[in-house]
Amino acid sequence: MDSGTTVTVDLRDEPSLWFSYADADVPIVTQWDDGKAEGRGNVPTSSASMPSVVFRMLRDLDVQAGQRVLEIGTGTGWNAALLAHRLGHDNVVTIEIDSAVATAARDRLARCGLPVLVLARDGEEGDEPGAPYDRIIATAGLRSIPPAWIAQAWPGGLIVAPWGTHYCAQDAVVRLEVAEDGKHAEGRFTGPVEFMKLRSHRLPFAGHDVYVPHGVTGADRSTTSVTVDQLLGDRFAVSSFAVGLRVRDCYRQAAAERDGARPVWFYGLTDKSWACVMFRDGQDEAQVWQSGPRRLWDEVAAALDWWQQAGEPGYDRFGLTVTADSSTTRRTPGTYEPHCRRRTDRAGSGKSAAALRPDRVAARGRRRVQPLSPGGGHPTRSARGTSRA
């Protein structure tokens, strides 16, 4: 995981090694490129999550005897099997959008004596015929909470899901409690994760060449004293989480350092605005290029400054409120609040908002990204293959 590489293991050829990975606390990719690739492909699209992450999320779900659970994202079926072992298979329904993955999981669960109902459909729609549920858990990353899930949960029920923004691939597990009116839910974030995204929530990025077809020539130039460590931090930097909340509809892509230089790019997702910051070893200031209607670097720098001026609050200061027809942020006296809104992509769907509060907890991770050549060059291929959950 630290190196960002993958190892392919076949049970038929190396059973001992296969079982060592199966029993280890690591994520295991089980499908690439939505099943189009034979063996290792370009993008991991289904996996068995790290056991420690599975257990953390099940802890947050806090299931009790007699409750019914809806799971979004069946994958291998292991998470559903754990729930069925605790609650009985009749009390667990799981949804998988990939029919081949759903069939394999259904067969696997049956062989284990846990014939859980596995539905092959889009999990964003939930399971209205089987509702209401006491608990709903998602095992795919979200960029918004589907309103259907709130409507399909009992008042007082819990929704546990990885949530984040398009700014980067990081997610944080949010634990939402559905209100007594059944029309909204709110809660806290409980820890950092990084999940493969729900298919309809994947990053809508057109590619570097669409934004910067002719390099940085003609872009506005400036400099910044922000350092690469301040901007990127470590894998689960809270600064990235905070900036993502403030700078909406923006995607950040950080290249690997090459010859003492490291470019970080920003792309607007609603127009063709872009920015690039070039960090170089030994230089106190970094070069900045910006182009388009939005001054994306100015927005990012302002958001980073807001977080720093607020005392660099940790993840435990953020929470999420979701309603079917509106979104609100709440402020606790004496604290800061990011003025941000989260709107789902589909017309008529719900919205959500993240608020900075002392009783809200969140954390996020950062994914490995494709390297870009310094000075406004084009993206180059990188070895993808880690599926971090």
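Residues numbered from 1 in each chain as written. Predicted model: local features only at pLDDT ≥ 70, side-chain atom pairs only at ≥ 80, totals over all residues. Heavy atoms only, no water.

Peer 1: What exactly am I supposed to notice about the sheet that holds strand β10 (residues 220–224) here?
Peer 2: In a beta sheet, neighbouring strands pair by backbone hydrogen bonds and run either parallel or antiparallel. Across the sheet, five strands lie side by side as β10-β14-β13-β12-β11; this open sheet has antiparallel pairing. Each edge of the open sheet carries a strand with a single partner, namely β10 and β11 (250–254). Pairwise comparison of adjacent strand axes, ignoring direction, gives a mean angle of 20° for this sheet. Here strand β13 (residues 274–280) pairs with strand β14 (residues 286–291) via five bridges, running antiparallel. Counted as the bridge partner of Val 277 is Val 288 from β14. Across the sheet, helix α9 (residues 296–309) touches β10, β11, β12 (261–268), β13 and β14, and the angle it forms with β12 is around 100°. (Pairing = 2+ DSSP bridges. Helix = DSSP H or I, 4+ residues; strand = E, 2+ residues; numbered from the N terminus. Axes fitted to C-alpha atoms, helices over the stretch in contact; angles between N-to-C directions. Contact = heavy atoms within 4.5 Å.)

Peer 1: Please explain the pattern of salt bridges as it appears in this structure.
Peer 2: Where side chains of opposite charge bring their charged atoms close, a pairing between them can arise. The full count for this structure, using the stated rule, is 10 salt bridges. Asp 34 serves as the salt-bridge partner of Arg 202, at 2.8 Å between the closest nitrogen and oxygen. With Arg 202 in the loop between β9 (184–193) and α6 (208–211) and Asp 34 in the loop between β1 (28–32) and β2 (44–48), this residue pair connects regions lying 168 residues apart in the sequence. Note on Arg 202: relative accessible area 35%, which makes it partly exposed. Between Arg 294 and Glu 299 there is a salt bridge; the shortest N-O distance is 2.6 Å. (Salt bridge = Lys/Arg side-chain N within 4 Å of Asp/Glu carboxyl O. Buried < 20%, exposed > 50% of the residue type's maximum accessible area, 1.4 Å probe, protein only.)

Peer 1: What should I look at first to understand helix α4 (residues 99–111) in this one?
Peer 2: Residues three or four positions apart in an α-helix share a direction because the helix packs 3.6 residues into each turn. End to end, α4 covers 18 Å across 13 residues, agreeing with the expected 18 Å (1.5 Å per residue, within 8%). Within α4, the full set of buried residues consists of Val 101, Ala 102, Ala 105 and Leu 109. Projection of α4 onto a plane perpendicular to its axis shows the buried side chains occupying an angular sector of 100°, all on one side. Opposite the packed face of α4, turned more than 90 degrees from it, sit the exposed residues Ser 99, Ala 100 and Arg 111. (Expected span 1.5 Å × (residues − 1). Arc of directions from axis to C-beta.)

Peer 1: Can you walk me through unusual backbone geometry in this structure?
Peer 2: Phi is mostly negative for residues that are not glycine, and the peptide bonds are mostly trans. Cis geometry marks the peptide bond from Ala 131 to Pro 132; its omega dihedral reads 5°. Within the secondary structure, Pro 132 sits in the loop between β5 (117–120) and β6 (133–138). Here Asp 62, not a glycine, exhibits a phi torsion of approximately 50°, which is positive. Tracing the backbone shows Asp 62 in the loop between α2 (51–61) and β3 (69–72).

Peer 1: Would you explain the packing of aromatic side chains in this entry?
Peer 2: Given two aromatic rings, one states the distance between the centres and the angle between the planes to describe the pair. Within this structure, the stated rule accounts for 14 aromatic pairs. Here the aromatic rings of Trp 265 and Trp 274 are separated by 5.7 Å at their centres, their planes lie at 45°, and the arrangement is tilted. Take Trp 265 and Trp 274: they sit in the same class, and that class is buried. The ring of Tyr 211 has Lys 272 sitting right over it, with the charged end atom 5.8 Å from the ring centre. (Phe/Tyr/Trp six-rings, centres within 6.5 Å; stacked < 30°, edge-to-face > 60°. Lys NZ or Arg CZ within 6 Å of the ring centre and 35° of its normal.)

Peer 1: Before we go on, may I ask you to explain helix α8 (residues 238–246) in this structure?
Peer 2: Within α8, eight of the nine residues are buried, which leaves the element mostly enclosed by the surrounding structure. Three or more residues of α8 are buried, namely Val 238, Ser 239, Ser 240, Phe 241, Ala 242, Val 243, Gly 244 and Leu 245.

It is worth stressing that arrangement in space is one thing and function is another; only the former is reported here.
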